[in-house]
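Chains, contacts and geometry: an overview
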Amino acid sequence: DVGKVKSVNLQDLKNIKAIEDSLDPNSAKCYIIRWGKPTTTHWILSYDFRYNKKVAREKLHRAKEFVEASKKLGPSTEFHVLVYLLWSALELMLDVRLWMLAGHKPTEEHKDRRSKLEKLKKSNVFSTEFFKAFKCFSEHKDTARYATGEIRKTKKFNEKRIKETISLLEEELKNDPFLRF
């Protein structure tokens, strides 16, 4: 019966308990529901092992700030500033998702995040657009961050790409199911 819809008569549920012994924002939740007669016992088991919600919320808030700053600057200003702001927002969004997936907690190293993103490339955790934007902006982040050279505008990396990435991030921030906590 796994995955099938079952009707439950509320009279079959004799005892419902909620145990919440000083939960903090990073607690895991486990729901165990049992009903039925001794010969036809049914169970529902549900787990929420999302952890480090407090850290994820803080990173989400910072990502929103970077997106808002990018919108205010617009693509006609210093291109390298926009590139770095959007790369920062993309990396923070990546961090939020990695913090929310058990076993994917990111380290402080960019290459670790990139490796974890690569491993999740074929999953539904990240959209193809997010993956492409992260890869594109990662290639230019150091030049943008340190202003060590000019970031060349190309057909693939220009004002249009900036606007598309801002829109992508706004959609991700608004609609992403991983961020509804």
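So, here is what we can say about the structure in this document.

Here is what the cut-offs are and how they apply
- Residues numbered from 1 in each chain as written.
- Predicted model: local features only at pLDDT ≥ 70, side-chain atom pairs only at ≥ 80, totals over all residues.
- Heavy atoms only, no water.
- Helix = DSSP H or I, 4+ residues; strand = E, 2+ residues; numbered from the N terminus.
- Buried < 20%, exposed > 50% of the residue type's maximum accessible area, 1.4 Å probe, protein only.
- Contact = heavy atoms within 4.5 Å.
- Core = buried A, V, L, I, M, F, W, Y, C linked by side-chain atoms within 4.5 Å.
- Axes fitted to C-alpha atoms, helices over the stretch in contact; angles between N-to-C directions.
- Parallel < 35°, antiparallel > 145°, perpendicular 65-115°, else oblique.
- Left-handed = near helix turned anticlockwise from the far one by under 90°.

**Topic: the side chain of Glu 91**
Take Glu 91: it is sitting in helix 2 (residues 79-100). Given a relative accessible area of 10%, Glu 91 falls into the buried group. The contacts of Glu 91, once residues within four sequence positions are left out, are His 110, Arg 113 and Phe 134.

**Quick look at the nonpolar core**
Counting 37 residues, the largest nonpolar core has Val 83, Phe 137 and Ile 162 as its most contacted members. Secondary-structure elements contributing two or more residues to this core are helix 1 (53-73), helix 2, helix 4 (128-146) and helix 5 (159-175). The leading source of residues in this core is helix 2, at 14 residues.

**Quick word on the packing of helix 2 against helix 4**
The packing of two helices is summarised by the inter-axis angle and the distance between the axes. Here helix 2 crosses helix 4 at 130°, and the two axes come no closer than 8 Å. Relative to helix 4, helix 2 is oriented oblique. Of the two possible hands of crossing, helix 2 and helix 4 adopt the one that is left-handed. Together, His 80, Val 83, Tyr 84, Leu 86, Trp 87, Leu 90, Glu 91, Met 93, Leu 94 and Arg 97 of helix 2 and Phe 130, Ala 133, Phe 134, Phe 137, Ser 138, His 140, Lys 141, Ala 144 and Arg 145 of helix 4 make up the contact between the two elements.

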